[in-house]
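Read off the chains here:
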Amino acid sequence: MFFAAPQYIYLLFLLLPVALLLQVGHLSRRRTQRKFAELALLKPLKSETSTIHRFFRNGLLLLSLTFLVLALARPQLRREKEVPNEEKGIECMFVLDLSNSMLAEDLRPNRLEFAKLTMLRLINDLSSSRVGVVVFAGSSFTQLPLTNDLVTARSFISECQPNMISNQGTAIAPALEMAAQGFSTRREVGKAVVLFTDGENHDSDAVEKSKELSKKGIKVFTIAVGTEEGALIPIEGGYLKDGHGETVMTKANPILCRDIARAGGGVAFASSNVTTLSKHVRSELEKLPKAIMDGSLEEYDELYGQFLAAAAILLLLAQFVTFRKNRLFRRLKLFDR
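Here the structure is a predicted model, which means the values were calculated and not measured.

Thresholds applied
- Residues numbered from 1 in each chain as written.
- Predicted model: local features only at pLDDT ≥ 70, side-chain atom pairs only at ≥ 80, totals over all residues.
- Heavy atoms only, no water.
- Axes fitted to C-alpha atoms, helices over the stretch in contact; angles between N-to-C directions.
- Helix = DSSP H or I, 4+ residues; strand = E, 2+ residues; numbered from the N terminus.
- Parallel < 35°, antiparallel > 145°, perpendicular 65-115°, else oblique.
- Left-handed = near helix turned anticlockwise from the far one by under 90°.
- Contact = heavy atoms within 4.5 Å.
- Buried < 20%, exposed > 50% of the residue type's maximum accessible area, 1.4 Å probe, protein only.
- Pairing = 2+ DSSP bridges.
- Right-handed = clockwise from strand over helix to strand, strands pointing away.
- Patch = residues over 30% accessible without salt bridge, like charges linked within 9 Å, V, L, I, M, F, W, Y side chains within 5 Å.
- Areas by Shrake-Rupley, 256 points an atom, 1.4 Å probe, with all protein chains shown as cover.
- Salt bridge = Lys/Arg side-chain N within 4 Å of Asp/Glu carboxyl O.
- Phe/Tyr/Trp six-rings, centres within 6.5 Å; stacked < 30°, edge-to-face > 60°.
- Lys NZ or Arg CZ within 6 Å of the ring centre and 35° of its normal.

A word on the packing of helix 3 (residues 51-72) against helix 10 (residues 304-320). Interaxial distance between helix 3 and helix 10 falls to 8 Å at its minimum, and their mutual angle equals 165°. Taken together, the axes of helix 3 and helix 10 are roughly antiparallel relative to one another. As helix 3 runs across helix 10, the sense of the crossing is left-handed. For the pair helix 3 and helix 10, the contacting residues are Arg57, Leu60, Leu61, Leu63, Ser64, Phe67, Leu68, Leu70 and Ala71 in the first and Tyr304, Phe307, Leu308, Ala310, Ala311, Leu314, Leu315, Leu317, Ala318 and Gln319 in the second.

So, in structure tokens, the structure goes:
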């Protein structure tokens, strides 16, 4: 099992302060009660109440929230299905920049949507190949491992948004390394990384990393998304501002993209037309050596429904746990506290 949106798993850390607040509330309630009576007098007055019941109910609530967070992270099961396939193709990893600057509208409808439309157009021309997706900003993760299930690939690409990565920035080198790790060990098949970024930050490490990929037989192609004139970054309620209150102007950096592509033995592209851009990229990818893809199709079973159901059941069970002792079990003395 793996998670299609692992960034949501960090929400589990929020359960620690929730558990702490529940415990603080319990201790505060105890102290308040003991201001009015000694413990020896409180026990007869509270003979029907149970501390264990309270802990059990809080535990169910926390467990329910845990399953809810895991559902947000989209747990999936990967399985391989044997299919007849004698057509030749390549292995291609798309690396997509999800930094906030990709929301700039110097390309229509914006940089990110322009990049996604280009990727989807390219996938239509890679019907016999295996494709994968790595997304990045200040950090990176594999959104989709290499697969020849292009329907799933299109779906994953369409869902890519900047809010998938909380750590903003433009860390290209780690994203290239993550993409390289996603390829198979087959030497006869052509391997390509297609990087979509505005390249706003100067990243010398990315050039070195691209050179390393080239030595491994992986060609790196870059698409400079955006214009050198630049544009503002729209956010809710206006435009993004820096720490000094100045509106941020983001400009594409085609020079960095060119250097990365040259180091990776590939070609750098820049265009404001999706059709033209995808045509040029496709012509370069067609030059790579092709090999018969293995006869297996990777399919992904979404499990978030089961996790949501578990969260709902646990939440419902918690509502049936009262803070009073069950009279049927009183003689067993299960809840003496």
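This paragraph deals with the packing of helix 6 (residues 172-181) against helix 7 (residues 204-215). Look at helix 6 against helix 7: their axes get within 8 Å of each other, and the N-to-C directions meet at 20°. Accordingly, the angle class assigned to the pair helix 6 and helix 7 is roughly parallel. The way helix 6 lies across helix 7 gives a crossing that is left-handed. When helix 6 is examined against helix 7, the residues Ile172, Ala173, Leu176, Glu177 and Ala180 are found in contact with a partner set consisting of Asp205, Ala206, Lys209, Ser210 and Leu213.

Let's shift gears to the pairing of strand 5 (residues 130-136). Within strand 5, seven of the seven residues are buried, which leaves it mostly tucked inside the rest of the structure. As paired strands, strand 4 (residues 91-97) and strand 5 are joined by seven bridges and run parallel to one another. Pairing of methionine 93 across the sheet is with glycine 132, part of strand 5. In this fold, strand 4 hands off to helix 4 (residues 111-124), which returns the chain to strand 5; that crossover is right-handed. Here five bridges tie strand 5 to strand 6 (residues 140-147), and the two strands are oriented antiparallel to one another. What sits directly across from valine 135, in strand 6, is phenylalanine 141. In sequence, strand 5 turns back onto strand 6 through a hairpin of three residues.

Okay, a nonpolar patch on the surface next. A cluster of nonpolar residues, Val18, Leu22, Leu65, Leu68, Tyr304 and Leu308, forms a patch on the protein surface that exposes about 440 Å² of accessible area. With respect to the helices and strands, the residue leucine 65 is situated in helix 3.

A full pass over the atoms with the stated rule returns three aromatic pairs. Seen from their ring centres, tyrosine 10 and phenylalanine 13 are 6.5 Å apart, and the 20° between their planes marks the pair as stacked. Exposure class is identical for tyrosine 10 and phenylalanine 13. Each is exposed. Taking 6.3 Å as the distance between ring centres and 45° as the angle between the ring planes, the aromatic pair formed by phenylalanine 94 and phenylalanine 196 counts as tilted. In this pair, phenylalanine 94 is assigned in strand 4 and phenylalanine 196 in strand 7 (residues 191-197), connecting sequence segments 102 residues apart. Each member of the pair, phenylalanine 94 together with phenylalanine 196, is buried. The aromatic ring of phenylalanine 156 is capped on one face by arginine 74, whose charged end is 5.0 Å from the ring centroid.

Moving on, we get to unusual backbone geometry. Each neighbour pair has its own omega, and for arginine 108 with proline 109 the value is -5°, a cis peptide bond. If you check the backbone angles, arginine 74 has positive phi at about 55° while not being a glycine. Among the secondary structure elements, arginine 74 is positioned in the loop between helix 3 and strand 2 (75-82). By relative accessible area, which is 17% here, arginine 74 ends up buried.

A separate point is the sheet that holds strand 7. Strand order in this open sheet of six strands is 6-5-4-7-8-13, and the pairing throughout is mixed. In this open sheet, the two strands that pair with only one neighbour each are strand 6 and strand 13 (268-269). Both strand 8 (residues 218-224) and strand 13 contribute to a ladder of two bridges, which runs parallel. The residue bridging threonine 222 from the neighbouring strand is alanine 268, located in strand 13. Against the sheet, helix 4 contacts strand 4, strand 5 and strand 7, and its axis sits at roughly 170° relative to strand 4.

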